[in-house]
Amino acid sequence: MRVWVATVVRLGLAAVWAWVAVARIGDPAASVDAVRAYQLLPDPLERGIGYGLPFVALALAVLLLVGLAVRVAAAVSAVLFLLQLGGLVAAAARGLRIACGCLGSGGVLPVGRSTSYPRDIAVVAVLLVLAAGLAWWPQTRFALDDAVRRSAASGLPEERVGPRRTAEARRRQAELAEARAAAGQQRVRLAGALAGVLLIVAAGIGIGVQAVRTPNAPSPQPVSIANGVEVGRSGARMTIDLYEDPLCANCKTFLETAGPQLQTWLDSSTAKIKYHVVSYLNGQSPTKYPSRAAEAMYCAADAGRFREYHDIVFGDQPTPGADITNDELIAEGPRAGITGAQQTAFAQCVKSGKYADFVLRISDRANQDGIFATPTLLVDGKPVQDVSLGGVTAAVNAAL
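Calculation criteria
Residues numbered from 1 in each chain as written. Predicted model: local features only at pLDDT ≥ 70, side-chain atom pairs only at ≥ 80, totals over all residues. Heavy atoms only, no water. Helix = DSSP H or I, 4+ residues; strand = E, 2+ residues; numbered from the N terminus. Buried < 20%, exposed > 50% of the residue type's maximum accessible area, 1.4 Å probe, protein only. Contact = heavy atoms within 4.5 Å. Areas by Shrake-Rupley, 256 points an atom, 1.4 Å probe, with all protein chains shown as cover. Expected span 1.5 Å × (residues − 1). Arc of directions from axis to C-beta. Salt bridge = Lys/Arg side-chain N within 4 Å of Asp/Glu carboxyl O. Pairing = 2+ DSSP bridges. Axes fitted to C-alpha atoms, helices over the stretch in contact; angles between N-to-C directions. Parallel < 35°, antiparallel > 145°, perpendicular 65-115°, else oblique. Left-handed = near helix turned anticlockwise from the far one by under 90°. Nonpolar A, V, L, I, M, F, W, Y, C, P; charged D, E, K, R; others polar. Phe/Tyr/Trp six-rings, centres within 6.5 Å; stacked < 30°, edge-to-face > 60°. Lys NZ or Arg CZ within 6 Å of the ring centre and 35° of its normal. Right-handed = clockwise from strand over helix to strand, strands pointing away.

**Notes on the overall build of the chain**
Then, number 1: Counting secondary structure elements, the chain contains 14 helices and eight strands.
Then, number 2: Expressed as a percentage of its 400 residues, the buried residues of the chain come to 47%.
Then, number 3: For the chain, contacts bridging at least 24 residues in sequence account for 75% of all contacts bridging at least 6.
Then, number 4: Carbon and sulfur atoms provide 61% of the accessible area of the chain, an area that totals close to 19200 Å².

Take a look at the structure:
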């Protein structure tokens, strides 16, 4: 009975990995986005895992389907499920809004779509238990592992013992049986080692193939009420929260003077920056420019060009009472590197008002958090009283 249960588990896990491989191999950018959404690793590792994991999934699916090196395939599966479970728990604890990616899809959730962490965690936990159980009991039906064992044992002689043979003959028969079993296990371990090499090679092939296939366009950047748009490496030594209004003249002045230093901290992983673009100054614009410009910045995040577009918009900031149309905001996209299909999607995002409700909500959230003016700056959650290059530099040095 146990063997048949293990067989069903083996084939079920094979189906899971096949589904993941099929869903992700054809869309390497989406695979990277699914990994990047967890915000746990530096960009090179995120890309490597995103590119390589679908091919590892494919190799695991094949190994489990044919029943070759079942223990190794199950153990690797268990490790991968354990890592994903840890990532989900961490994402939920940090308030990230992501999809699990358990069965192929994943990434940052669109505005308005709710998370399903309890269900996702339960699914991954069940898969982890099944994989760990199969690693503990890898004997299954219809498996190549059995053929490997038999082929190793077939090279050893057999000794038949009749009912009147001596105890020595019976001992010899037991030794031969033990030798055949040991030879079979040795052959299975060798198959397991080769399977491990296969998984490493599959990951390498995946990284190489997908890197060639994937264009150099950046991936979408996460947009959330809690974090705004986060720019920089997740492992940075500190976090800077910057609250801005597109019509805020002091915000423009701060960016003009402190922008190069902010970029230095980003490049060196000293800090990551969470940009919270709000619309406090709508009353100064008859066309509600702050809301529309903030929406366009969040649309630029969908194209992976938030900071480039953000700096352009603040650099071309209109005077109070002046007007900049949505068409003019869209026309700035190519200057920020938003081109081709991304520019089409960016234009549609701006025209449709995709982030209109989001801008209202993030502005309300900032107000509830005690942010009543822009620019407001926090370093590791502590307000910076002097919002200037000198003030933020002093705050960062103190945090370091």
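**Concerning helix α12 (residues 340-352)**
Then, number 1: Across its 13 residues, α12 extends 19 Å between first and last C-alpha, which sits within 8% of the 18 Å expected from 1.5 Å per residue.
Then, number 2: For α12, the set of buried residues is Q342, Q343, F346, A347, C349 and V350. For α12, the angular spread of the buried residues around the axis is 160 degrees, confining them to a single face. For α12, the exposed residues lying more than 90 degrees away from the buried face are A341, T344, Q348 and K351.
Then, number 3: On its buried side, α12 packs onto α9 (289-302), α10 (306-315) and α11 (326-331).
Then, number 4: One or two positions beyond α12, positive phi appears at G353, with a value near 70 degrees.

**Looking at the pattern of salt bridges**
Then, number 1: Inspection of the entire model under this criterion finds 10 salt bridges.
Then, number 2: Close ionic contact of K272 with E230 constitutes a salt bridge, the shortest N to O distance being 3.5 Å. Highlighted residues: K272 in strand β6 (residues 271-277) and E230 in strand β4 (residues 228-231), separated in sequence by 42 residues. Across the pair, exposure class does not vary: K272 and E230 are buried alike.
Then, number 3: Put simply, R335 and E332 hold a salt bridge, and the shortest N to O gap is 2.8 Å.
Then, number 4: The exposure class assigned to R335 is exposed, which follows from its relative accessible area of 54%.
Then, number 5: Given a relative accessible area of 18%, E332 falls into the buried group.
Then, number 6: Here the residues in one salt-bridge network are D316, E332 and R335, joined through shared partners.

**Quick word on the environment of R24**
Then, number 1: Within the secondary structure layout, R24 lies in helix α1 (residues 2-25).
Then, number 2: For the pair R24 and F55, spaced 31 residues apart in sequence, the C-alpha to C-alpha distance is 9.0 Å.

**Points about the sheet that holds strand β8 (residues 382-383)**
Then, number 1: If you trace the six strands from one edge of the open sheet to the other, you get β3-β4-β6-β5-β7-β8, paired in mixed fashion. What marks the edges here is a single partner per strand, and that holds for β3 (223-224) and β8.
Then, number 2: Helix α8 (residues 249-267) contacts β4, β5 (238-244), β6 and β7 (376-379) of the sheet and is inclined by roughly 160 degrees relative to β5.
Then, number 3: Packing against the sheet, α10 makes contact with β4, β5 and β6, and its axis sits at approximately 55 degrees to β6.

**A word on unusual backbone geometry**
Then, number 1: The omega torsion of the bond from T374 to P375 falls at 0 degrees, within 30 degrees of zero and hence cis.
Then, number 2: Considering the arrangement of structural elements, one finds P375 in the loop between α13 (356-368) and β7.
Then, number 3: Here S269, not a glycine, exhibits a phi torsion of approximately 60 degrees, which is positive.
Then, number 4: Along the chain, S269 falls in the loop between α8 and β6.

**Overview of the packing of α9 against α10**
Then, number 1: Contact pair α9 / α10: the axes reach a minimum separation of 7 Å and the direction vectors enclose 155 degrees. One finds that α9 runs roughly antiparallel with respect to α10. Like other packed secondary-structure pairs, α9 and α10 cross with a definite hand, here right-handed. Mapping the contact onto sequence places Y289, A293, A296, M297, A300 and A301 in α9 and F306, Y309, H310, V313 and F314 in α10.
Then, number 2: Per-class residue counts for the contact of α9 with α10 are 10 nonpolar, one polar and no charged.

**Digging into the packing of aromatic side chains**
Then, number 1: Tallied over the full model, the rule gives nine aromatic pairs.
Then, number 2: For the ring pair Y298 and F358, a centre distance of 4.9 Å and an interplane angle of 80 degrees mean the geometry is edge-to-face. Remark: F358 occurs in helix α13 and Y298 occurs in helix α9; sequence separation between them is 60 residues.
Then, number 3: We classify Y298 as buried; its relative accessible area is 0%.
Then, number 4: Residue class for F358 comes out buried when judged on its relative accessible area of 2%.
Then, number 5: The structure contains a cluster of three or more aromatic residues connected by ring pairs, namely Y275, Y298, F306, Y355 and F358.
Then, number 6: Positioned above the aromatic ring of W137, the side-chain terminus of R2 is 4.5 Å from the ring centre.

**With respect to the pairing of β6**
Then, number 1: β6 sits mainly inside the fold: seven of its seven residues count as buried.
Then, number 2: Here β6 shows no split at all, with A271, I273, Y275 and V277 on one side and K272, K274 and H276 on the other all buried.
Then, number 3: By the bridge criterion, three bridges tie β4 to β6 in an arrangement that is antiparallel. What sits directly across from V231, in β6, is I273.
Then, number 4: Sheet analysis places β5 next to β6, joined by seven bridges and oriented parallel. In the sheet register, L242 faces β6, and the bridge partner there is Y275.
Then, number 5: Viewed along the sheet, the connection from β5 through α8 into β6 turns out right-handed.

**A short note on the environment of I330**
Then, number 1: Secondary-structure assignment places I330 in helix α11.
Then, number 2: Overall, the relative accessible area of 8% leaves I330 in the buried class.
Then, number 3: For I330 and F346, which are 16 residues apart along the polypeptide, the C-alpha to C-alpha distance reads 7.4 Å.
Then, number 4: If we ignore the near neighbours within four places in the chain, the residues touching I330 are Y309, Q343, F346, A347, V350 and K351.

In short, geometric facts, not functional conclusions.
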